[in-house]
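# Coordinate inspection notes
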Number of protein chains: 2
Amino acid sequence: MSALHLTTGAPCAPLQDGKVRIYAMRFCPYSQRALLTSAAKNVETDVVWINLKDKPEWLLEKSPGGKVPSVEIADGRVVYESLIIADYFDDAFAEPNLHSKDPVSKAVDRILVEGWGKAGSSFYQLAFGGSVDPEKIPELIKEFEGVVSTYSKELEKRGTKFFSGDERPGMLDYMIWPWFERRPVIPIFFPDAANWDEIRQNSAAIDQWYNRMKEDSAVAKYFLTPEIHHKYCITVKEGNSDFDMLTKL
Amino acid sequence: MSALHLTTGAPCAPLQDGKVRIYAMRFCPYSQRALLTSAAKNVETDVVWINLKDKPEWLLEKSPGGKVPSVEIADGRVVYESLIIADYFDDAFAEPNLHSKDPVSKAVDRILVEGWGKAGSSFYQLAFGGSVDPEKIPELIKEFEGVVSTYSKELEKRGTKFFSGDERPGMLDYMIWPWFERRPVIPIFFPDAANWDEIRQNSAAIDQWYNRMKEDSAVAKYFLTPEIHHKYCITVKEGNSDFDMLTKL
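Residues numbered from 1 in each chain as written. Chains lettered and ligands numbered in written order. Predicted model: local features only at pLDDT ≥ 70, side-chain atom pairs only at ≥ 80, totals over all residues. Heavy atoms only, no water.

## Let's talk about the overall build of chain A
The secondary structure content of chain A amounts to 12 helices and four strands. Taking 249 residues into account, the globule formula puts the C-alpha radius of gyration at 18 Å, and chain A, at 18 Å, falls close to it. Its C-alpha atoms give chain A principal-axis dimensions of roughly 50 × 45 × 30 Å. Buried positions account for 54% of the 249 residues belonging to chain A. Look at the contacts in chain A between residues 6 or more apart in sequence, and 71% of them connect residues 24 or more apart. Of the roughly 11,300 Å² of accessible surface on chain A, 50% is carried by carbon and sulfur atoms. In chain A, 30 positive and 37 negative side-chain charges are present, and the distance between their average locations comes to 1 Å. (Helix = DSSP H or I, 4+ residues; strand = E, 2+ residues; numbered from the N terminus. Rg over C-alpha atoms; globule rule 2.2 N^0.38 Å. Buried < 20%, exposed > 50% of the residue type's maximum accessible area, 1.4 Å probe, protein only. Contact = heavy atoms within 4.5 Å. Areas by Shrake-Rupley, 256 points an atom, 1.4 Å probe, with all protein chains shown as cover. Lys, Arg positive; Asp, Glu negative; His and termini not counted. Charge placed at Lys NZ, Arg CZ, Asp CG, Glu CD.)

## Structural notes on the interface of chain B and chain A
Between chain B and chain A, the residue contacts involve 20 residues of the former and 20 residues of the latter. The interface formed by chain B and chain A holds six salt bridges in total. When the shortest N-O distance is used, the salt bridge between Asp102 of chain B and Arg77 of chain A registers 3.2 Å. For the pair chain B and chain A, the interface holds eight residue pairs in polar contact (both at pLDDT 80 or more). (Salt bridge = Lys/Arg side-chain N within 4 Å of Asp/Glu carboxyl O. Polar contact = N/O pair within 3.5 Å; in protein donor to acceptor, adjacent residues only side chain to side chain.)

## A word on the UniProt feature "domain: GST N-terminal" (unreviewed entry) in chain A
Per the UniProt record, "domain: GST N-terminal" (unreviewed entry) is annotated on residues 18-97 of chain A. Overall, residues 18-97 of chain A shows 36% helix and 20% strand. The separation of its end C-alpha atoms is 21 Å. (UniProt positions renumbered as here; feature names shortened; annotations may be inferred.)

## Describing the sheet that holds strand E4 (residues 78-80) of chain A
Residue and element names in this part refer to chain A. Strands sit in the order E2-E1-E3-E4 across an open sheet of four strands; the sheet is mixed. At either end of the open sheet lies a strand with only one pairing partner, and these are strand E2 (45-49) and E4. Neighbour-to-neighbour, the strand axes of the sheet open up by a mean angle of 25°, direction not taken into account. The pairing of strand E1 (residues 20-24) with strand E3 (residues 70-72) spans three bridges and is antiparallel. Residue Ile22 lies in a different strand from E3, and its bridge partner there is Val71. Its contacts with the sheet put helix H3 (residues 82-92) on E1, E3 and E4, and the angle it makes with E4 is roughly 120°. (Pairing = 2+ DSSP bridges. Axes fitted to C-alpha atoms, helices over the stretch in contact; angles between N-to-C directions.)

## Some thoughts on the relation of the copies chain B and chain A
Laying chain B over chain A is done by rotating through 180° and shifting 0.0 Å along the axis; what remains is an RMSD of 0.0 Å. Both copies are brought into coincidence by an operation consistent with a two-fold rotation axis. Of all interface residues in chain B, 100% are interface residues in chain A too; the two copies therefore contact each other through one and the same surface. (Least-squares fit on C-alpha atoms with pLDDT ≥ 70 in both.)

## A look at the domain arrangement of chain A
Residues and elements named next belong to chain A. Domain assignment breaks chain A into domain 1 (20-95) and domain 2 (103-237). Using C-alpha coordinates to define each centre, domain 1 is positioned 22 Å away from domain 2. At the interface, 19 residues of domain 1 touch 21 residues of domain 2. If you look at where domain 1 meets domain 2, you find zero salt bridges. Those elements that place two or more of their residues in the side of domain 1 that touches domain 2 are helix H1 (29-40), E2 and H3. Among the residues making up the side of domain 1 that touches domain 2, the classes are represented as 12 nonpolar, three polar and four charged. (Domains from an automatic or database assignment. Nonpolar A, V, L, I, M, F, W, Y, C, P; charged D, E, K, R; others polar.)

## A look at the pattern of salt bridges
Across all of its chains, the model carries 30 salt bridges over all chains by this definition. In this structure, the salt-bridge partner of Asp91 of chain B is Lys106 of chain A, at a minimum N-O distance of 2.8 Å. Here Lys106 of chain A lies in helix H4 (residues 103-115) and Asp91 of chain B lies in helix H3 (residues 82-92), a pairing that spans two chains. For the salt bridge of Lys62 of chain B with Glu72 of chain B, the shortest nitrogen-to-oxygen distance reads 3.0 Å. One end of the pair, Lys62 of chain B, is in helix H2 (residues 57-62); the other, Glu72 of chain B, is in strand E3 (residues 70-72), with 10 residues separating them in the sequence. Taken together, the shared-partner salt bridges in this structure form one network comprising Asp109, Glu154, Lys157 and Arg158 of chain A.

## Observations regarding the packing of helix H4 (residues 103-115) of chain B against helix H6 (residues 137-158) of chain B
All names here are of chain B. Where H4 contacts H6, the two axes come as close as 12 Å, and the packing angle between them is 160°. Relative to H6, the element H4 lies roughly antiparallel. Here H4 and H6 pass one another in a crossing that is left-handed. In contact with Val108, Asp109, Leu112 and Gly115 of H4, H6 contributes Tyr151, Glu154 and Arg158. The residue inventory of the contact of H4 with H6, partitioned by class, reads three nonpolar, one polar and three charged. (Parallel < 35°, antiparallel > 145°, perpendicular 65-115°, else oblique. Left-handed = near helix turned anticlockwise from the far one by under 90°.)

Structural data, given as structure tokens:
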């Protein structure tokens, strides 16, 4: 978990028998989707951390653009794109099923995963943007929290502990989780830019879900506190992303 | 097939027992993905054509933004986004399986479907753009045909009749087909903007695939000739999209 992120010149260790190789970056929410779903499916993994600003040459040979997350299969094929990787784990490994067995529910949840994109984009500007126009911040918070509130209402409407039901988190829960883990960073950065009490009232259902999700073993395996995320975000905003921050704590 | 596209004020007919309702537009490549996969899966469908410039009010209540394609299920739920609809048909209806049963092959094909986006975007500008800068056209053709050539080489590498194998088309075949059906429109519009002989040499494998795909029963069910597509594209370029063109032929 605290291994260094590999850079140019680092050798590529051979694949480990019986383990699935995941290339990832420790603070990347898309990488986290791959880590969460592999953990939820009890896949034995061999995670190789990649320095995104100075990638090992061999990664570019494995996947176009040297993308993370990517998953290398023993036969040399590489799967990338976080949603495709997540579905791959769900298809290739046994129980629990992360997608609903009902095809319509599965499709509706996939629409909600795709719809999350807008929230992700405004969150990115707030948490990682180095030069956000201060006047735009309240608007970006409104946009992000507006989407959050929609998902909170959807969860309330379902009346279940998780989006997938009462038993355990499913695909939709895991696909949006990385941004919820980082969500507390925004009020740390911008305590006066929004009415946080009102926002918390509009997202009560999802705040309870957040507490439940933290207890899930897959989520817990990769969980980082808001304070750690905040500290990492500062390094990004300052143009000096510290991928290896955890090794120095 | 030749019913008029519904506009504002048109009533919404009740769902038909045992049939799946698809809202679509006859010339929309994304709608075609839903039509192709439902046909390939032998789903009994009730297709309702929608005038995209003047949508019936009730469509906006069914799906956000009144999107087409969308699929209405008997219980009132609506599924939209062409790739999600296509997967829904594959999940909800029996053989043939459109996705590969091998999870890695399925993932690799899904990456190729997502990767098609760039081609779709340059094609859109060429075939439907009303005010394309004439100097940009050779570049757009190069971009579109460059992606086509990549897929042609991938098919050649696989050495199979279809991307999915020798037996019949699969998900990747159907997801990219709508743009290949329309591809001959570009040389009709711009006969002198590219070296078409050279382009055809770089896409020989996929040109053979095109001829095989035309024979598939799902493809044949919704096939329109290059001449018809060209005629429709002209109406779009002129700002007067004629959704009902087929009823007047």
